[in-house]
Amino acid sequence: VEYPRTKKAGKQVMEFDKEQISGMKIFIVDDVPSNLDILGHILQRNGLKVSIAPTGEKALELVSLDKPDLILLDVRMPDMDGYEVCRFMKSKLDMSNIPIIFLTAKTESTDKIKGFEIGAADYITKPFDAMEVLARVKTHLGLKLAIDRVNEYNLDLERMLQERTKELIQTERHAAFSLMIQGIIHNFKNPITNLMWNSDFLSMQ
């Protein structure tokens, strides 16, 4: 989705570190087209790939096909609200690690607490402030990158440990096999030595 430049974003839009987050995928879920336009424009002009959905059901369908790096999710939507969508995603292994920022006009602490309890990472309140949107999105994309790098490092470390463990097991097997062979040779050597000694003794009679 390409968004034309609008006056609402204007010069107040804060630029990201584009080298760091360029190409990362943001998924926006909101049933109000103007909200999709505003957020899409703000994010896309800062080097992010933007996908949109007007309903919770459509969001679940699209996210299951192409996992985004971050989801901006409206709380109030018809049929399936943001809480239901978030709860469903957090229950699925392949979606549970995607950070979700709620979009809401609500300011009551009880609503925010409910969102955090079901797995939301943050809130952005309406009407949108471009600086706030970008600051919060940048923060959670940075955390996502850091977590992904840690997970990748852990996988690499696990692979290294597995390889090292295999090497140690093989080394121990070779050592045990060598000891076994030496024991067999020793056990055969004693009778042979005795036979040779007895043979020499008899030849001396």
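Residues numbered from 1 in each chain as written. Predicted model: local features only at pLDDT ≥ 70, side-chain atom pairs only at ≥ 80, totals over all residues. Heavy atoms only, no water.

**Remarks on the sheet that holds strand E1 (residues 25-29)**
Hydrogen bonds along the backbone pair up the strands of a sheet, which may run parallel or antiparallel.
Turning to step 1, where the next piece is worked out: Ordered in space as E2-E1-E3-E4-E5, the five strands form an open sheet in which the pairing is parallel. For this open sheet the edge positions go to strand E2 (49-53) and strand E5 (122-125), each flanked by a neighbour on one side alone. When strand polarity is set aside, the average angle formed by the axes of neighbouring strands in this sheet is 20°.
Turning to step 2, where the next piece is worked out: Taken together, the four bridges between E1 and strand E3 (residues 70-74) define a ladder with parallel strand orientation. When the sheet's bridge partners are listed, Ile28 is paired in E3 with Leu72.
Turning to step 3, where the next piece is worked out: Sitting on the sheet, helix H5 (residues 109-117) is in contact with strand E4 (100-104) and E5, with an inclination near 140° to E5. (Pairing = 2+ DSSP bridges. Helix = DSSP H or I, 4+ residues; strand = E, 2+ residues; numbered from the N terminus. Axes fitted to C-alpha atoms, helices over the stretch in contact; angles between N-to-C directions. Contact = heavy atoms within 4.5 Å.)

**Quick notes on the packing of aromatic side chains**
Turning to step 1, where the next piece is worked out: For the coordinates displayed, the defined rule picks out three aromatic pairs.
Turning to step 2, where the next piece is worked out: An angle of 45° between the planes, with centres 5.6 Å apart, marks the rings of Phe102 and Tyr123 as tilted. Taken together, the residues span a long stretch of sequence, with Phe102 in strand E4 and Tyr123 in strand E5 at a distance of 21 residues. Of the two residues, Phe102 and Tyr123, both sit in the buried class.
Turning to step 3, where the next piece is worked out: Each residue in the set Tyr83, Phe102, Phe116 and Tyr123 is aromatic and connected to the rest through ring pairs, giving one cluster. (Phe/Tyr/Trp six-rings, centres within 6.5 Å; stacked < 30°, edge-to-face > 60°. Buried < 20%, exposed > 50% of the residue type's maximum accessible area, 1.4 Å probe, protein only.)

**A look at the pattern of salt bridges**
Turning to step 1, where the next piece is worked out: Per the counting criterion, the structure on display carries nine salt bridges.
Turning to step 2, where the next piece is worked out: A salt bridge links Lys126 to Asp74; the shortest N-O distance between them is 2.8 Å. Of this pair, Lys126 sits in the loop between E5 and helix H6 (130-203) while Asp74 sits in strand E3; the two residues are 52 residues apart in sequence, bridging distant segments of the chain.
Turning to step 3, where the next piece is worked out: Two residues, Arg136 and Glu132, come together in a salt bridge whose shortest N-O distance is 2.9 Å. Of this pair, Arg136 and Glu132 both sit in helix H6, four residues apart, which is roughly one turn of that helix.
Turning to step 4, where the next piece is worked out: By relative accessible area, Glu132 is classed as partly exposed at 22%.
Turning to step 5, where the next piece is worked out: Salt bridges linked by common partners bring Asp30, Asp74 and Lys126 together as one network. (Salt bridge = Lys/Arg side-chain N within 4 Å of Asp/Glu carboxyl O.)

**Description of unusual backbone geometry**
Turning to step 1, where the next piece is worked out: The omega angle of the peptide bond from Lys126 to Pro127 is -5°, so this bond is cis rather than trans.
Turning to step 2, where the next piece is worked out: On the secondary structure map, Pro127 appears in the loop between E5 and H6.
Turning to step 3, where the next piece is worked out: Its identity as a non-glycine residue notwithstanding, Asp79 has a phi of 70°, on the positive side.
Turning to step 4, where the next piece is worked out: With respect to the helices, strands and loops of the structure, Asp79 is situated in the loop between E3 and helix H4 (82-90).
Turning to step 5, where the next piece is worked out: The exposed category is assigned to Asp79, whose relative accessible area is 71%.

**What about the confidence of the model for the chain?**
Turning to step 1, where the next piece is worked out: Averaged over every residue, the pLDDT of the chain is 80; the share at 70 or more is 77%.
Turning to step 2, where the next piece is worked out: Note on residues 1-16: pLDDT is under 50 here. Beyond four places in sequence and across chains, it has 39 contacts. (pLDDT = per-residue confidence, 0-100.)

**Some details on the side chain of His140**
Turning to step 1, where the next piece is worked out: One can find His140 in helix H6.
Turning to step 2, where the next piece is worked out: Among the polar contacts listed, one links the side chain of His140 to the side chain of Asp122, at a separation of 3.0 Å.
Turning to step 3, where the next piece is worked out: Excluding its chain neighbours within four sequence positions, the residues that come into contact with His140 are Leu70, Ile101, Ala121 and Asp122. (Polar contact = N/O pair within 3.5 Å; in protein donor to acceptor, adjacent residues only side chain to side chain.)

**Quick look at the packing of helix H3 (residues 56-65) against H4**
Turning to step 1, where the next piece is worked out: At a minimum axis separation of 10 Å, H3 and H4 run at an interaxial angle of 25°. If you check the angle between H3 and H4, you find them roughly parallel. Read as a crossing pair, H3 and H4 show a hand that is right-handed. Between H3 and H4, the contacting residues are Gly56, Leu60 and Val63 on the first element and Val85, Phe88 and Met89 on the second.
Turning to step 2, where the next piece is worked out: Tallied by class, residues from the contact of H3 with H4 come to five nonpolar, one polar and no charged. (Parallel < 35°, antiparallel > 145°, perpendicular 65-115°, else oblique. Left-handed = near helix turned anticlockwise from the far one by under 90°. Nonpolar A, V, L, I, M, F, W, Y, C, P; charged D, E, K, R; others polar.)

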